[in-house]
Amino acid sequence: MIKKVTKFSFYIFLIFSIISCVCHQTKFGTRTEIFDKKDSLKSLARIKEIKNLDYSDFKPGKFKNGNAEVNFRLLKPKNLDPIKKYPLVLVFHGSGAVGTNNTSQMGILSKMWLLPENRENYQAYVVSPQFPVRSSNYHLDETRNVKVSESNEYLDLVLKSIDSLIIKENIDPNRIYVMGFSMGGATTSNAISKRPDLFAAAINISGISQFDKINELQKIPIWIVHGSLDTDNFPQSNFRFFEELKPKGKVFLWEYKNRYHNNILSAELIDKIPEWLFKQHK
């Protein structure tokens, strides 16, 4: 009997430890160092599955204002209910997808929304624009001694077009989310800095932060993900942004201690993104 009670107590302790760990990792103001193991074969297979998904359900379109044009692809909710409002997820690509073919931007962060479980459990509009030039450029902030990002008129066009899309489609204005990887992570930081009124949450993965509007970002839930070994976009910019916003904002940071720039998007991270985003709303 004593052995059974001891065993039961151990499992209760284990469950609460797991719950505590998860809460700590997603608690605003926390910086979590993650020493994850090498991707398993199952994890690698899942990433490969996402990369190979057919994205024909993402319909092509074009945002235009005068001479400025930005191609995009739009995924609508599965079995769209005309009287229901749905979230919108805006996904920004990295520098390797710059162009005008309206296909190169369809990476993991866009295609993940095509997974059958996400189509069923996290129904949303997903917009994946393709910028014809870099959407964010970086320069050194000599005061902070880190790189900072700044955007251009193409991001302005996309954000203005999102306003129009909200009116046109069945989109919930209180659940507009934005996320991106690398240059797209930087553009995510630019987007919330330009339009803090628009977004309910943001995820900056391996990007470079914008600092000049940091006081306006206190109410937006922001999740920063960066690898300590990243030499493409050194993590110090995002780390400094986290430290400055932490005392007064809704920001938390996952620092993957053994990840580089191009292996940060693990299957485990991808699986957590929809769950976290859909908990956020204005």
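Structure: see above.
Residues numbered from 1 in each chain as written. Predicted model: local features only at pLDDT ≥ 70, side-chain atom pairs only at ≥ 80, totals over all residues. Heavy atoms only, no water.

Caption draft 1: The packing of helix H5 (residues 153–168) against helix H6 (residues 183–194), seen in detail. At a closest axis distance of 11 Å, the pairing of H5 and H6 adopts a crossing angle of 60 degrees. Between H5 and H6, the crossing angle belongs to the class labelled oblique. For H5 against H6, the interelement crossing comes out right-handed. Of the residues in H6, those touching H5 at Leu155, Asp156 and Leu159 are Thr187, Asn190, Ala191 and Lys194. Classifying every residue of the contact of H5 with H6 by side-chain character gives 3 nonpolar, 2 polar and 2 charged. (Axes fitted to C-alpha atoms, helices over the stretch in contact; angles between N-to-C directions. Helix = DSSP H or I, 4+ residues; strand = E, 2+ residues; numbered from the N terminus. Parallel < 35°, antiparallel > 145°, perpendicular 65-115°, else oblique. Left-handed = near helix turned anticlockwise from the far one by under 90°. Contact = heavy atoms within 4.5 Å. Nonpolar A, V, L, I, M, F, W, Y, C, P; charged D, E, K, R; others polar.)

Caption draft 2: Looking closely at the sheet that holds strand S3 (residues 68–75). Here we have 9 strands laid out as an open sheet, ordered S1-S11-S10-S9-S8-S4-S5-S3-S2, and mixed in their pairing. Both edges of this open sheet fall to strand S1 (31–34) and strand S2 (59–65), since each of them pairs with a single strand only. For this sheet the average axis-to-axis angle between neighbouring strands, irrespective of direction, equals 20 degrees. Contacts between helix H7 (residues 236–245) and the sheet are confined to S1, strand S9 (201–205), strand S10 (222–227) and strand S11 (251–256), with S10 contributing the most and set at about 145 degrees to the helix. (Pairing = 2+ DSSP bridges.)

Caption draft 3: Representation of helix H2 (residues 41–51) in the model. Along H2, the residues that are buried comprise Ser43, Arg46, Ile47 and Ile50. Axial view of H2: buried residues confined to an arc of 100 degrees, hence all on one face. H2 presents Leu41 and Lys48 as exposed residues on the side facing more than 90 degrees away from its buried surface. Residues of H2 that are buried make contact with helix H3 (108–111), helix H4 (116–121) and helix H8 (267–277). (Buried < 20%, exposed > 50% of the residue type's maximum accessible area, 1.4 Å probe, protein only. Arc of directions from axis to C-beta.)

Caption draft 4: View of the pairing of strand S7 (residues 146–151). With 6 bridges connecting them, strand S6 (residues 136–141) and S7 associate as antiparallel partners. Within S7, the residue paired with aspartate 141 across the bridge is valine 146. Between S6 and S7, which pair antiparallel and follow one another directly, the connecting turn spans 4 residues, one of which, asparagine 145, has a positive phi of 60 degrees.

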